[in-house]
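# Inside the fold
Spelled out, the chains give:
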Amino acid sequence: MRPGIIAKKIGMSNFYTPNGLNIPVTILHVDDCKVIERTEKPELDTDKILLGACEIKKENKTNKATKGFFKKKSSVPFKYIREFSIDKETEVKAGDSLKVDHFQEGQFIDVSGFSKGKGFAGAMKRHNFGGLRASHGVSISHRSHGSTGQCQDPGKVFKGKKMAGHMGDKFRTIQNLEIIKSDPENNLIFIKGSVPGSKNSLV
């Protein structure tokens, strides 16, 4: 189990192979990720590492509690910190840097992040409902989700019923995405397909 990294989603683009094949790719920018600490527990099969990204240069951008936390870890303050599980055989220690060359072309990875927030959405957009008839006599109910309750028994709407509500902004993981290209000079990774999140979001 290799350690993960923290990256920023730049956006989507096209990548053309030498054969002329067009591949949709998502471009991720990887900042200099530093391992803050490594936690080893003999009773577990894996170890934990605390990873930091986007070093905070100005002292007035961090409060006293944050300064104390990173001082205890003997590290400079970072804007983002995440925890990853790694195998005990993985040679990663506190102070190491994880960059773009940590991943190779053709490798398959999992990408996690928060999906785009869609706000309050109706049942047709949120759950792909068909809606009511669009003929005469259906008065301003074309995109309605229809009836939701029952009669006298049980006489209520069960929790989890598919209705209108908040859509998106959920933590999602896309598995087995192929790395098409790794660009260490510009700290960019080109991943085949789409990943969760909007532009400039953290993944």
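Residues numbered from 1 in each chain as written. Predicted model: local features only at pLDDT ≥ 70, side-chain atom pairs only at ≥ 80, totals over all residues. Heavy atoms only, no water.

### Things to note about the overall build of the chain
For the chain, the count of helices and strands is 2 helices and 11 strands. In sequence order, the chain lays out its α and β elements as β-β-β-β-α-β-β-β-β-α-β-β-β. Here the C-alpha radius of gyration of the chain, 23 Å, is well above what a compact globule of 203 residues would show, namely 17 Å. The long-range share in the chain, meaning contacts at least 24 apart out of those at least 6 apart in sequence, stands at 67%. In the structure as shown, the chain presents an accessible area of about 13900 Å², 49% of it carried by carbon and sulfur atoms. Considering the chain, the positive charge centre built from 35 side chains and the negative charge centre built from 22 side chains are found 13 Å apart. (Helix = DSSP H or I, 4+ residues; strand = E, 2+ residues; numbered from the N terminus. Rg over C-alpha atoms; globule rule 2.2 N^0.38 Å. Contact = heavy atoms within 4.5 Å. Areas by Shrake-Rupley, 256 points an atom, 1.4 Å probe, with all protein chains shown as cover. Lys, Arg positive; Asp, Glu negative; His and termini not counted. Charge placed at Lys NZ, Arg CZ, Asp CG, Glu CD.)

### Considerations on the sheet that holds strand β1 (residues 7–16)
Reading across from one edge, β1-β2-β11-β10-β7 is the order of the 5 strands in this open sheet, with antiparallel pairing throughout. Either end of the sheet is taken by a strand with one partner, and the two such strands are β1 and β7 (108–114). Taken over all neighbouring pairs, the strand axes of this sheet differ in orientation by 45 degrees on average, direction set aside. Pairing analysis gives 9 bridges linking β1 to strand β2 (residues 22–30), with the strands arranged antiparallel. Within the sheet, the bridge partner assigned to S13 lies in β2 and is V25. (Pairing = 2+ DSSP bridges. Axes fitted to C-alpha atoms, helices over the stretch in contact; angles between N-to-C directions.)

### Structural notes on the pattern of salt bridges
Following the criterion strictly, the structure yields 5 salt bridges and no others. One connected set of salt bridges, linked through shared partners, spans R38, E40 and D47. (Salt bridge = Lys/Arg side-chain N within 4 Å of Asp/Glu carboxyl O.)

### So, the nonpolar core
Within soluble globular proteins, side chains that are nonpolar generally end up buried alongside one another. I5, V30, C33, V111, I189 and I191 are the most contacted members of the largest nonpolar core, which has 23 residues in total. Looking at this core, the elements with two or more residues in it are β2, β3 (33–39), β4 (46–55), β7, β10 (171–183) and β11 (188–192). With 3 residues, β4 is the largest single contributor of residues to this core. Once you skip the residues sitting within four places of it in the chain, I5 turns out to touch V30, C33, L51, F84, L98, H102, F103, I189 and V203. Grouped together as the second largest cluster of nonpolar side chains are 6 residues, V25, I27, L188 and F190 included. (Core = buried A, V, L, I, M, F, W, Y, C linked by side-chain atoms within 4.5 Å. Buried < 20%, exposed > 50% of the residue type's maximum accessible area, 1.4 Å probe, protein only.)

### Focus on the side chain of S182
On the secondary structure map, S182 appears in strand β10. By relative accessible area, S182 is classed as buried at 16%. Dropping the residues within four chain positions of it, S182 is found in contact with V100, F103, E105 and L188.

### Looking at a positive patch on the surface
On the surface, a cluster of positive charge is contributed by K116, K118, K125 and K199. Along the chain, the position of K125 falls in helix α2 (residues 123–127). (Patch = residues over 30% accessible without salt bridge, like charges linked within 9 Å, V, L, I, M, F, W, Y side chains within 5 Å.)

### Here's the deal with the sheet that holds β3
What the 4 strands build is an open sheet, ordered β5-β4-β3-β6; its pairing is antiparallel. Across the chains shown, the open sheet's two edge strands, defined by having one partner strand only, are β5 (78–87) and β6 (97–98). Summarising the sheet, β4 and β5 pair through 9 bridges and their orientation is antiparallel. What sits directly across from L50, in β5, is E83.

### A few points about the environment of S74
Relative to the elements of secondary structure, S74 occurs in the loop between α1 (64–72) and β5. Relative accessible area serves as the criterion here: at 72%, S74 is assigned to the exposed category. For S74 and I36, which are 38 residues apart along the polypeptide, the C-alpha to C-alpha distance reads 8.0 Å.

### A few points about the side chain of T26
As for its placement among the helices and strands, T26 is situated in strand β2. For T26, a relative accessible area of 0% translates into the label buried. Among the polar contacts listed, one links the side chain of T26 to the backbone oxygen of G193, at a separation of 2.5 Å. T26 has contacts with K9, G11, M12, I189, F190, I191, G193, S194 and V195, leaving out every residue within four places of it along the chain. (Polar contact = N/O pair within 3.5 Å; in protein donor to acceptor, adjacent residues only side chain to side chain.)

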